Structure formats: structure tokens, C-alpha cells
Amino acid sequence: MTANLAVLVSGRGTNLQAIIDAWEAGELPVNIVGVLSDNPGAKALERASAHGLRTAVLVAASYPDRRAYGEAVVGLLESWGTEIVALAGFMRLLDPVVIRAFPGRILNIHPSLLPAFPGLHAQRQALEYGVRVSGCTVHLVDEGMDTGPIVLQAAVPVLPEDTEETLAARILKEEHRLYPEAIRLLATGRLKVEGRRVIILPER
Ligand code: GRF
């Protein structure tokens, strides 16, 4: 059983790279059907091509509104036979039309321990708030901004000498471990949502 996975990106693509590495190592029971970017200059696209993956670019400014953009995204993902979606540094809030096309089958990774510090510059928000611990969260995507049911989290310390960069790097290391693991759980049907909570079913 291998699920067809599409990855959505906007930038440098280190999480995409971690997914590709796990997949190439035979640790991810998925078939990566394509990498979609909203940014034609994303380094993530180069990473995808270097590994022989199909890529596509859909620029939001070319569509009249968020709904039309979402419909284009759904059309493309469906044409690839997509079953599950991973947002890996995709910097846009997806229209509900996309969420409804893949109910409970879209994951996002966010560089904070949600529900703390959603949205942009999560590491800066954590530093400015003065928390002693931060981390990353993989969650199922719902219609809100970083609000969906939590799948996995990893914590890291926030050190007195941290800058946004050093904290981001410490969190990123955990992201690269956590995201392939969460994708594996979704791809193998081991996530069950009960209200806000995600139950991780035992391996069969
Ligand atoms: C990561 O910190 C991720 O948590 C956030 O955006 C960043 C993407 O980095 N959603 P990369 O493009 O995967 O290197």
C-alpha cells in the first residue's frame, strides 16, 4: 500500500529534502507524485528536479481570488492522482475548497509548539515572549491558520543566548525528523481524529 503524496512548497525546501531523503531510504511508504510551488524561484523546486520529481508552479497573482487559486490547486493535485498532501513551507492559507477536496489528508509543519505562536515568524514570537521551551508541530490542516488537530510535536530548549537563527536551526533539526514520521502515520492509515484530538493507532 503506497499513498500518492504531493508536497506544496514556497521556499528553500529543507523539509521537502527530509521527505525525499526518507523516501529514498525506503522509510516512507508513499509515491511522491509531484511538488507544487506558488513561487517560481523556490529552491525547493531545484531540489525536487534534482531527484527526478515532477514539479509545477501556480502563481496566485494569476488568479482573480483565493477561491479560483484553490480550484486550480485542486485540479492540478487531482490530475496527479494525489491522495495525501504535505505543506512544507507553503506560505499561503489554502481556500476551503482545497481542504474539502482532501479531508483529513493535508498535513502542515509549523515551527512552534501550537497553539502558541501561530502564523509568521514563530521563532521570533517565541523569543520575544520569553518562553523557555519551543519546538515544532505537525498538524492536520483545517480552514484556520495553524489551527488543525495536532499529530506530532517535538520540544527544544530556548537558550538565553539564542537569536532567531539559532533557535530556528535547533527547531528545524526536529522538523526534519518529525515530518517524515507524521507523513508515514497518515500514509499508513494510523491517524484517527476524534474531535480536536488525533489518536495514533498501533502498527498492524
Ligand atoms: C519551516 O520552518 C516550517 O516549519 C515552516 O516553514 C519553514 C519551511 O522551511 N512552515 P523549508 O522550506 O522546509 O526549509
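Each chain has its residues counted from 1, following the order in which its sequence is written. Residues qualify for local features only when their pLDDT is at least 70, as the model is predicted, and side-chain atom pairs are given and counted only at 80 or more; totals for whole chains, interfaces and linings, by contrast, use all residues. The side-chain values count all of the structure's non-hydrogen atoms but skip hydrogen atoms and water molecules.

Describing the pattern of salt bridges
Note on definitions: salt bridges are taken to be side-chain nitrogens of Lys or Arg within 4 Å of carboxyl oxygens of Asp or Glu. For the structure shown, the criterion picks out 8 salt bridges. For Asp38, the salt bridge identified is with Arg92, shortest N-O distance 2.8 Å. Here Arg92 lies in the loop between strand S4 (84-87) and helix H4 (96-101) and Asp38 lies in the loop between strand S2 (30-37) and helix H2 (43-50), a separation of 54 residues in the sequence. By relative accessible area, which is 35% here, Arg92 ends up partly exposed. Arg177 is the salt-bridge partner of Glu174, the closest N and O atoms lying 2.6 Å from each other. Taken together, the residues span about one helical turn, with Glu174 and Arg177 both in helix H6 (residues 164-187) at a distance of 3 residues. Under the scheme used here, helices are H or I runs from DSSP no shorter than 4 residues and strands are E runs no shorter than 2 residues, and both carry numbers assigned from the N terminus. Throughout this description, buried means an accessible area under 20% of the type-specific maximum (1.4 Å probe, protein chains only), exposed means over 50%, and partly exposed covers the range between.

Details of the site of the ligand
Taken together, Arg12, Gly13, Thr14, Asn15, Gly89, Ile109, His110, Pro111 and Glu175 make up the full set of residues adjacent to the ligand. Each polar contact in these results corresponds to two N or O atoms within 3.5 Å; when the atoms are within protein, one needs to be able to donate a hydrogen and the other to accept it, and residues that are neighboring in sequence are counted only if both atoms are side-chain atoms. In the model, an oxygen atom of the ligand is placed 2.8 Å from a nitrogen or oxygen of the Gly13 main chain. Contacts to the ligand include Thr14, whose side-chain N or O atom sits 2.6 Å from an oxygen atom. Residue burial considers only the protein chains on display, and all accessible areas are found by Shrake-Rupley using a 1.4 Å probe. A total of 370 Å² of accessible area belongs to the ligand in isolation, and the protein chains cover 87% of it. For the shell around the ligand, the secondary structure elements donating two or more residues are helix H1 (14-24) and strand S5 (106-110). Ten residues, namely Ala, Val, Leu, Ile, Met, Phe, Trp, Tyr, Cys and Pro, are considered nonpolar, four, namely Asp, Glu, Lys and Arg, are considered charged, and the remaining ones, Gly among them, are considered polar. Across the shell around the ligand, the residue classes break down as 2 nonpolar, 5 polar and 2 charged. We call a residue near a molecule or strand when any one of its heavy atoms sits within 4 Å of it.

Considering the sheet that holds strand S6 (residues 133-140)
Strand pairing in a sheet takes place through backbone hydrogen bonds and is either antiparallel or parallel in direction. With mixed pairing, 7 strands are arranged side by side in an open sheet as S3-S2-S1-S4-S5-S6-S7. Among the strands making up the open sheet, the edge pair consists of strand S3 (55-57) and strand S7 (150-157). The mean angle between the axes of side-by-side strands here comes to 20 degrees, regardless of whether they run parallel or antiparallel. In what follows, a contact means two residues having at least one pair of non-hydrogen atoms within 4.5 Å. Axis definition: a line fitted to C-alpha atoms, over the contacting stretch in the case of helices. Angles run 0 to 180 degrees between N-to-C directions. Of the strands in this sheet, strand S1 (3-9), S2 and S3 are in contact with H2, which crosses S3 at around 155 degrees. Note on pairing: two strands pair once DSSP finds at least 2 bridges between them.

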